Amino acid sequence: MVCVGNEFGMYGEAFWPKTFGADYETTTLLKPLEAHRSDLTLFSHLDHGHKGGHFAVHTFLTGVKAAEAKAMPEGGISLDQRAAEFVGSRSRFPSLTIGSADGLHGGCQMSWTRTGTRVPPISGPRELFHALFVEDNADARRKAVDRIQLQGSILDAVLGAARSLKKRVNAADGRKVDEYLSSVRAVETKLDLDRRWLKIAKPRTEMSEPENRGLAPDLPAIYDLVALALQTDSTRVATLEIGGSFAASDIGIRHGYHGLSHHGKDEENIKLLVQIELYQMEQFARFLDRLKSIHEPESDGTLLDRTMALLGSGMGNANSHTNSDLPIILAGGGFRHGEHKEHPKESNKRVPLCNLYASMLQRFGVETDTFSTGNGTLTGLEWA
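Residues numbered from 1 in each chain as written. Predicted model: local features only at pLDDT ≥ 70, side-chain atom pairs only at ≥ 80, totals over all residues. Heavy atoms only, no water.

A. Helix H7 (residues 215-231), seen in detail. An ideal rise of 1.5 Å per residue puts 24 Å on 17 residues; H7 measures up with 23 Å between its terminal C-alpha atoms. The largest bend along H7 measures about 30° and falls at Ala221. Within H7, 15 of the 17 residues are buried, which leaves it mostly tucked inside the rest of the structure. The positive-phi residue at the C-terminal boundary of H7 is Asp233, with phi of around 60°. (Helix = DSSP H or I, 4+ residues; strand = E, 2+ residues; numbered from the N terminus. Expected span 1.5 Å × (residues − 1). Bend = angle between axes of the 7 residues up to and from the residue. Buried < 20%, exposed > 50% of the residue type's maximum accessible area, 1.4 Å probe, protein only.)

Dropping the structure here:
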């Protein structure tokens with residue numbers, strides 16, 4: 001499962017086809033994906049029902065705002081982290097989150113734990129390359145062993161103190177302690193994972209170590225590394241946050257990405273904004289090309305056949321700060337694709353975006369009928 005999101009959505013008139021079904025017309029922003037028409041599905045009128053402008057962008061993979069998360073059965077966990085829980089220690093990295101904490105309101109924050117903590121992103125291709133393929137030297141490995149032992153001792157002490165405290169507090173405070181214990185258990189799981197994989201060599205690659213140049217020019221290298229991470233089974237879940245640190249100047253546009261997203265219907269601003277979004281779509285299409293070129297002997301198919309690649313945003317229209325009608329594309333993953341699917345516009349018939357996420361989790365192997373604010377799986381999305 002690969003989830004890609006940007007902070008400012010897509011310019012609707014260049015993104016949305018006016019027709020539906022298998023014969024929908026190609027638009028400016030969909031043109032780079034034309035070769036993959038049979039490999040993807042475009043969804044109209046899916047969203048989380050939120051209002052909140054840029055702050056609601058952070059709910060893209062969760063479906064809930066931070067203030068609402070505590071009332072949810074699974075807290076504020078994001079789609080990718082729910083899938084990562086299912087993977088556990090079967091891969092070196094249960095998930096990889098790549099992006100930046102820079103940008104408007106902290107950038108494009110997509111990955112969240114059950115307790116509402118943001119999963120810190122890997123900042124660039126160089127750091128990602130090191131995590132995937134570069135072995136620590138002997139001194140670093142010794143320090144890692146010492147760190148794991150020390151953290152294990154601290155956790156033992158913390159767990160004992162927290163359990164003792166829970167016996168002496170009221171019900172409300174007891175729930176707070178339970179939240180704390182849940183966080184501690186997550187760290188405990190991470191330590192067990194570190195112990196196991198510390199003894200297993202990392203895979204080798206012929207790819208040269210990349211340099212960090214900035215999120216925009218680094219997108220090709222990041223996508224290549226994500227494909228390699230999937231191919232080597234270093235991870236089965238990856239998330240790419242294309243946030244405010246995406247500098248339009250790095251692709252020759254001398255205007256700010258955020259400023260252009262508030263185009264005010266100015267034709268020149270719209271033209272430049274579409275160039276930025278077209279570049280992002282071209283890189284996503286290139287990523288699908290790469291996945292489709294990798295043969296998977298186990299299934300006699302391609303890596304794209306076995307990988308769900310989600311592209312979207314928590315922002316529907318950045319110019320008007322609306323979070324409805326989110327631009328959503330799902331490629332690969334063994335689903336039956338090739339259509340532009342229309343869902344009801346009416347609020348009383350609205351289909352939650354989280355229904356798509358429940359379908360993705362089921363396809364991933366998670367035994368669940370719902371996710372977050374959804375009310376089931378997505379009708380009409382079938383396995384191939």
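B. Seen up close, the side chain of Asn6. Secondary-structure assignment places Asn6 in strand S1 (residues 2-6). Judged by its relative accessible area of 3%, Asn6 is buried. What Asn6 contacts, discounting residues up to four positions off in sequence, is Val57, Cys108, Ile242, Tyr257, Gln280, Gly312, Ser313 and Gly314. (Contact = heavy atoms within 4.5 Å.)

C. Region of interest: the nonpolar core. One finds Leu79, Leu310, Leu356 and Tyr357 to be the most contacted residues of the largest nonpolar core, which totals 96 residues. A per-element tally of this core places helix H9 (residues 267-293) first, with 12 residues. Ignoring any residue separated from it by four or fewer positions in sequence, one finds Tyr357 in contact with His48, Phe60, Leu61, Leu79, Leu310 and Phe371. Core analysis: the next-biggest nonpolar cluster, separate from the first, contains seven residues, Leu155, Ala162, Val177 and Leu181 among them. (Core = buried A, V, L, I, M, F, W, Y, C linked by side-chain atoms within 4.5 Å.)

D. Structural view of the environment of Asp23. Mapped onto the elements, Asp23 comes out in the loop between helix H1 (12-15) and strand S2 (40-44). Sequence separation between Asp23 and Glu339 is 316 residues, and the spatial gap between their C-alpha atoms is 7.4 Å.

E. Broad picture of the pairing of strand S7 (residues 308-313). By the criterion of burial, S7 is predominantly enclosed, with six of the six residues buried. Side chains of S7 alternate between two faces, with Met308, Leu310 and Gly312 and Ala309, Leu311 and Ser313 buried alike. As judged from the four bridges shared by S7 and strand S8 (residues 328-332), these two strands associate in the antiparallel manner. Across the sheet, the residue bridging to Leu311 is Ile329, located in S8. (Pairing = 2+ DSSP bridges.)

F. Looking closely at the pattern of salt bridges. Enumeration according to the criterion identifies 16 salt bridges in this entry. A salt bridge links Glu74 to Arg82, with the nearest nitrogen and oxygen atoms 3.0 Å apart. Owing to a relative accessible area of 22%, Glu74 belongs among the partly exposed residues under this scheme. Note on Arg82: relative accessible area 15%, which makes it buried. Salt bridges sharing partners connect three or more residues here, namely Glu74, Arg82, Glu85 and Arg114. (Salt bridge = Lys/Arg side-chain N within 4 Å of Asp/Glu carboxyl O.)

G. Local environment of the packing of aromatic side chains. Applying the stated rule across the entire model yields eight aromatic pairs. Measuring from centroid to centroid gives 4.7 Å for Phe8 and Tyr257, while their planes differ by 90°, and the two rings are edge-to-face. Pair noted here: Phe8 is in the loop between S1 and H1 and Tyr257 is in helix H8 (residues 257-261), with a separation of 249 residues, a long-range link. Judged by its relative accessible area of 3%, Tyr257 falls in the buried class. (Phe/Tyr/Trp six-rings, centres within 6.5 Å; stacked < 30°, edge-to-face > 60°.)

H. Expanded view of the state of the cysteines. Inspection of every chain in the model, using the stated rule, returns zero disulfides. For the unlinked cysteine Cys3, the closest cysteine sulfur is that of Cys108, found at 11 Å. Looking at Cys354, it has no disulfide partner, and the nearest cysteine sulfur is the one in Cys3, 12 Å off. Taking relative accessible area as the criterion, Cys354 reaches 0% and is therefore assigned buried. (Disulfide = S-S within 2.5 Å.)

I. Focus on the sheet that holds S2. Strand order in the open sheet formed by seven strands is S3-S4-S1-S7-S8-S2-S9, and the pairing between neighbours is mixed. Bordering the open sheet on either side are strand S3 (96-98) and strand S9 (340-342), each of which pairs with just one other strand. Put simply, the sheet's adjacent strands are angled 15° from each other on average, direction ignored. Pairing geometry for S1 and strand S4 (residues 238-242), over five bridges, is parallel. Residue Val4 lies in a different strand from S4, and its bridge partner there is Leu240. (Axes fitted to C-alpha atoms, helices over the stretch in contact; angles between N-to-C directions.)

J. Spotlight on the pairing of S1. Most of S1 sits out of view: five of its five residues are buried. Side chains of S1 alternate between two faces, with Val2, Val4 and Asn6 and Cys3 and Gly5 buried alike. As judged from the five bridges shared by S1 and S7, these two strands associate in the parallel manner. Its bridge partner being in S7, Asn6 is matched across the sheet by Ser313.

K. Here's a closer look at the packing of H7 against H9. At their nearest, the axes of H7 and H9 sit 10 Å apart, and the two run at 25° to each other. By the angle between their directions, the pair H7 and H9 is classed as roughly parallel. Between H7 and H9 lies a crossing of right-handed hand. Mapping the contact onto sequence places Ala216, Pro217, Leu219, Pro220, Tyr223, Asp224, Val226, Ala227, Leu228 and Leu230 in H7 and Tyr279, Gln283, Phe284, Arg286, Phe287, Arg290 and Leu291 in H9. Residue classes in the contact of H7 with H9 are distributed as 13 nonpolar, one polar and three charged. (Parallel < 35°, antiparallel > 145°, perpendicular 65-115°, else oblique. Left-handed = near helix turned anticlockwise from the far one by under 90°. Nonpolar A, V, L, I, M, F, W, Y, C, P; charged D, E, K, R; others polar.)

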